[in-house]
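# Structural description and commentary
For reference, the chains in residue letters:
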Amino acid sequence: MTTQLRPGRVSPMRTVPANIPRPEYVGKKFPRTGEPDVKTPEIIERMRVAGRIAAQAMAEVAKHIEPGVTTDELDRIGHEFMLDHGAYPSTLGYRGFPKSLCTSLNEVICHGIPDDTVVRDGDIINIDITAFKDGVHGDTDATYLVGDVDEESRLLVDRTREALTRAIKAVRPGRRLNVIGRVIESYAKRFGYGVVRDFTGHGIGTTFHSGLIVPHYDDPNASTVIETGMTFTIEPMLTLGTIEYEIWPDKWTVVTKDRKRTAQFEHTLLVTDDGAEILTLP
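Residues numbered from 1 in each chain as written. Predicted model: local features only at pLDDT ≥ 70, side-chain atom pairs only at ≥ 80, totals over all residues. Heavy atoms only, no water.

## With respect to the pairing of strand β4 (residues 124-133)
- The buried fraction of β4 is high, at ten of ten residues.
- As paired elements, strand β1 (residues 88-89) and β4 share two bridges and run antiparallel to each other. What sits directly across from Pro89, in β4, is Ala131.
- As defined by bridge partners, strand β2 (residues 102-105) adjoins β4 across four bridges and the pair is classed as antiparallel. Counterpart to Thr103 in the pairing with β4 is Ile127.
- Here β4 pairs with strand β5 (residues 136-145) via ten bridges, running antiparallel. Residue pairing for β5: Ile129 is matched across the bridge by Thr140. (Buried < 20%, exposed > 50% of the residue type's maximum accessible area, 1.4 Å probe, protein only. Helix = DSSP H or I, 4+ residues; strand = E, 2+ residues; numbered from the N terminus. Pairing = 2+ DSSP bridges.)

## So, the nonpolar core
- Membership of the largest hydrophobic core comes to 56 residues, with the highest contact counts inside it found for Ile127, Ile129, Ile180, Phe232 and Ile234.
- Among the secondary structure elements, those contributing two or more residues to this core are α1 (41-62), α2 (71-84), β4, α3 (151-170), α4 (178-189), β9 (231-234) and β14 (267-272).
- At seven residues, α3 tops the list of elements feeding residues into this core.
- Apart from residues lying up to four places away in sequence, Ile127 is in contact with Met58, Val61, Ile65, Leu74, Leu101, Cys102, Thr103, Thr140, Asp141, Ala142 and Tyr144.
- Residues Ile44, Met47, Ala50 and Ile204 belong to the second largest nonpolar core, which totals eight residues. (Core = buried A, V, L, I, M, F, W, Y, C linked by side-chain atoms within 4.5 Å. Contact = heavy atoms within 4.5 Å.)

## Describing the side chain of Thr103
- Relative to the assigned elements, Thr103 resides in strand β2.
- A relative accessible area of 5% means that Thr103 is categorised as buried.

## Quick look at the pattern of salt bridges
- Scanning the entire structure with this criterion turns up 20 salt bridges.
- Here Glu35 and Lys39 are joined by a salt bridge, their closest N and O atoms 3.9 Å apart. Of the two residues, Glu35 and Lys39, neither departs from the other in class, the shared state being buried.
- In this structure, the salt-bridge partner of Arg46 is Glu42, at a minimum N-O distance of 2.7 Å. Placement of both Arg46 and Glu42 in helix α1 is noted, with a separation of four residues, approximately one turn of the helix.
- Given the relative accessible area of 23%, Arg46 is considered partly exposed.
- Assessed through its relative accessible area of 46%, Glu42 is described here as partly exposed.
- Residues participating in the shared-partner salt-bridge network are Arg14, Asp72, Asp75 and Lys99. (Salt bridge = Lys/Arg side-chain N within 4 Å of Asp/Glu carboxyl O.)

Here's what the structure looks like:
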């Protein structure tokens, strides 16, 4: 399956009221990284709030996904929802990213910039939303079917969601981080899907990306031992074909080299004594 997705016109950056605190990286070239992998109870409680706002913003955006809507309109909806809940859209100004969420259609693996592109019947679209509230981030994404979607794409979306579910169930204190990728990769291989390697899950908390990397394939170098109180994202990206990619001139939009479709799902997690708590549920 191939599509002819092309860059559209990007509208001006949306404004945020001065009374909503910004992350430290807004207006800077590079964000701060590095924080303890294990969070304090106070930070965890704030992350529950930020994660819930991100999830609620996602649910609001999802209500408006239908043929004929533009990805820029979806961005406006998510932006206004987060502002209404006192949160800053974490992607806005992150390393210069110009919008408040990512919209990745069909062959876009990740980091699609909302613009005047019209969503069409039969598309699949990934929405990636992060909310910054009270000094911490909550990060989530999901892939949605638009109208009448072909069976191959529908199965890809269902199975990518299932890959995330299985990976979350594999999280246990004492296990090594690569158990996550092992579970995802072994499941994806049953269907011949590609598992994207160069874009990963990550540590998160007071920083958007802490420096902790969570691969979605069985990487023996991901030997960090999972501990109670850790917070990180799992966000598998599965493809119908190659995992090789190209990046558009905007330096953000990542597309599969063969232009076959790809899907992604993500949650922010807290490691508990007996598993993982999902922080990005509405």
